[in-house]
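So you can see what is in the structure, the chains are spelled out below.
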Amino acid sequence: MSHNPRNPLSRPNPSDDLDAYLGLDAREAERRAEERGWRTVRSLPPGAIVTMEYVAGRLNFTVDAGRVQRCWQG
């Protein structure tokens with residue numbers, strides 16, 4: 001999706017180190033993601049069935065035992 005300043009959904013993803021979220025407490029990771037400009041943060045249990053459409057500005061976490069195990073954008 002190209003950036004269109006009139007469409008807020010076309011804003012680029014924040015520049016962020018996704019590996020830095022691994023191992024964090026889920027609540028801390030969510031707070032950090034919001035502070036860094038992610039518009040949507042989605043925390044999922046391992047093996048969750050989710051739609052895989054790409055959504056700009058969304059950060060996804062797989063959370064097990066309260067810790068982030070995987071992190072990806074979209």
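Coordinates for the structure precede this section.
Residues numbered from 1 in each chain as written. Predicted model: local features only at pLDDT ≥ 70, side-chain atom pairs only at ≥ 80, totals over all residues. Heavy atoms only, no water.

(A) Spatial organisation of the overall build of the protein chain. When you go through the protein chain residue by residue, the secondary structure sums to one helix and three strands. Secondary structure elements of the protein chain, listed N to C terminal, follow the sequence α-β-β-β. Here the protein chain holds 74 residues, and the buried ones make up 31% of them. Pairs at least 24 apart in sequence give 36% of the contacts found in the protein chain among residues at least 6 apart. Surface accessibility of the protein chain: about 4900 Å² in total, with carbon and sulfur atoms responsible for 50%. (Helix = DSSP H or I, 4+ residues; strand = E, 2+ residues; numbered from the N terminus. Buried < 20%, exposed > 50% of the residue type's maximum accessible area, 1.4 Å probe, protein only. Contact = heavy atoms within 4.5 Å. Areas by Shrake-Rupley, 256 points an atom, 1.4 Å probe, with all protein chains shown as cover.)

(B) Representation of the packing of aromatic side chains within the structure. If you walk through the whole model with that rule in mind, you get one aromatic pair. Note on tyrosine 21 and phenylalanine 61: the rings are 5.3 Å apart at their centroids and 45° apart in plane angle, and the pair reads as tilted. Here phenylalanine 61 lies in strand 2 (residues 58-64) and tyrosine 21 lies in the segment before helix 1 (26-35), a separation of 40 residues in the sequence. Comparing tyrosine 21 with phenylalanine 61 shows no difference in burial state: the two are buried. (Phe/Tyr/Trp six-rings, centres within 6.5 Å; stacked < 30°, edge-to-face > 60°.)

(C) Highlighting the nonpolar core. Judged by nonpolar contacts, Leu18, Tyr21, Leu24, Ala26, Ala29, Ala33, Trp38, Leu59, Phe61, Val63, Val68 and Cys71 together constitute the single largest core of 12 residues. Listed by contribution, the elements that provide at least two residues to this core are helix 1, strand 2 and strand 3 (67-73). (Core = buried A, V, L, I, M, F, W, Y, C linked by side-chain atoms within 4.5 Å.)

(D) Quick look at helix 1. Those residues of helix 1 lying buried are Ala26, Ala29 and Ala33. The arc that holds every buried residue of helix 1, seen down its axis, measures 60°, which confines them to one face. Looking at helix 1, the residues exposed on the side facing more than 90 degrees away from the buried face are Arg27, Glu34 and Glu35. Contact partners of the buried residues in helix 1: strand 1 (40-44), strand 2 and strand 3. Within two residues after helix 1, glycine 37 carries a phi angle of roughly 105°, on the positive side. (Arc of directions from axis to C-beta.)

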